Amino acid sequence: MTQNDAISKIYAGIGEALSENGFSARKPEAAEKDALPLFTKGDSTYMEFTGEKGTVRLDFSDTQAALLYEDDAEKLQNLSVNYFDPESFEDRDIKSLCNELSDSIRQKYSTKKGGKTKSNKMPAPVSRSAAKNGTQSYDGNTLANRLTSTMYPDLKEAYRANYEKYGEFLAEEFFVHYGTARIIGTIKMREKQSLTKLFKILNDIYENGSNDTQSLIAVTILGEMNNDPQMCETAAEYMCDDMCETVLLVNKYLASGKGKRAKEKLKNPPAYKPKKEKKPGMMAQMMAGGQGGMPPM
């Protein structure tokens with residue numbers, strides 16, 4: 001769908017949450033009667049809603065839909081940042097995004113049942129432009145955000161609960177308990193449209209991700225193919241070259257005796273502790289110190 005098609009559906013989808021909290025759309029002076037209330041500024045396109053409770057803005061730029069609110073100092077701050085890619089979105093993706101935006105609005109402004117609901121803002125995903133120009137690398141949160149926005153919307157509650165439990169998003173925890181099983185299930189189904197959509201996300205995040213994020217994809221997620229010939233062959237058709245070589249190597253290693261012992265250790269990780277100095281991930285350790293343990297391609 002086009003960007004305007006997607007924005008039109010979103011405008012209709014969040015209308016109830018806005019109106020029940022007293023917000024109405026602000027329209028550009030020269031806008032036609034039935035036109036979308038869209039403003040443009042630089043590379044951004046946005047809609048703005050005002051009412052007695054202040055101002056809410058929905059800003060579309062790059063591959064993000066950022067919901068902002070006006071605080072007491074009359075400055076716009078992020079309320080939530082969501083993945084937005086009209087070219088790959090289907091109606092169910094728009095519906096999921098509308099639900100997320102509506103929930104954020106209600107959590108911030110609803111006065112039903114005795115007052116506002118406390119809102120814990122999720123960390124913002126890294127934008128595509130920031131990753132492409134090298135100012136930031138994709139992280140585990142961005143991967144989870146994209147997957148729960150477009151592939152597995154039923155995991156959004158688990159995604160949010162992870163952050164609320166720890167005060168930060170623990171990607172390994174989320175994928176070990178929730179995300180990996182769903183991704184492996186998609187690969188097993190071998191449905192072309194779903195695989196194309198899944199690996200478009202995985203390839204982009206891997207190619208422009210941090211070392212930890214690449215390890216997350218290659219080991220924690222795709223390492224769970226367990227060197228199954230059919231799954232590896234299926235995934236290889238869709239993986240970018242750099243990721244394909246590493247993932248197949250990781251799967252061969254994990255199927256070896258050393259790999260199996262390493263996986264056993266991962267099944268009983270130590271209890272969570274606050275952040276300390278980072279150590280190399282499993283993939284980095286294998287690549288750096290396991291020259292004899294990593295089988296040749």
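See the structure shown above.
Residues numbered from 1 in each chain as written. Predicted model: local features only at pLDDT ≥ 70, side-chain atom pairs only at ≥ 80, totals over all residues. Heavy atoms only, no water.

*Asks:* Explanation requested: the pairing of strand β4 (residues 54–61) in the structure shown.
*Replies:* Every other side chain in a regular strand lies on the same face of the sheet, so the side chains alternate between the two faces. For β4, the buried fraction is high: seven of the eight residues fall into the buried class. Hairpin remark: strand β3 (residues 44–51) followed by β4, antiparallel, with two residues in the connecting loop. Bridge count between β4 and strand β5 (residues 64–70): six bridges; the pairing is antiparallel. Looking at β5, one finds that R57 is bridged to L68. Hairpin connection, β4 to β5: the antiparallel pair is bridged by two residues, and D62 has positive phi, about 55°. (Buried < 20%, exposed > 50% of the residue type's maximum accessible area, 1.4 Å probe, protein only. Helix = DSSP H or I, 4+ residues; strand = E, 2+ residues; numbered from the N terminus. Pairing = 2+ DSSP bridges.)

*Asks:* Help me understand the packing of aromatic side chains, please; the structure alone is not making it clear to me.
*Replies:* Any pair of aromatic rings gets described here by the distance separating the centres and the angle formed by the planes. Applying the stated criterion to the full structure yields 12 aromatic pairs. Plain terms: the ring middles of F23 and Y109 are 5.0 Å apart, the flat faces sit at 70° to each other, and that makes the pair edge-to-face. Of this pair, F23 sits in the loop between α2 (15–19) and β1 (24–26) while Y109 sits in helix α3 (residues 91–109), placing them 86 residues apart in sequence. Y109 shares its class with F23; the two are buried. (Phe/Tyr/Trp six-rings, centres within 6.5 Å; stacked < 30°, edge-to-face > 60°.)

*Asks:* Looking at this structure, how should I read helix α7 (residues 171–189)?
*Replies:* In an α-helix, one turn spans 3.6 residues, which is why side chains three or four residues apart end up on the same side. At G179, α7 shows its maximal bend, which comes to roughly 50°. For α7, the set of buried residues is A171, F174, F175, G179, T180, I183, I184, T186 and I187. On the buried face of α7, the contacting elements are α5 (140–150), α6 (156–166), α8 (192–207), α9 (211–221) and α10 (229–236). Looking at the residues trailing α7, positive phi occurs at R190, about 60°. (Bend = angle between axes of the 7 residues up to and from the residue. Contact = heavy atoms within 4.5 Å.)

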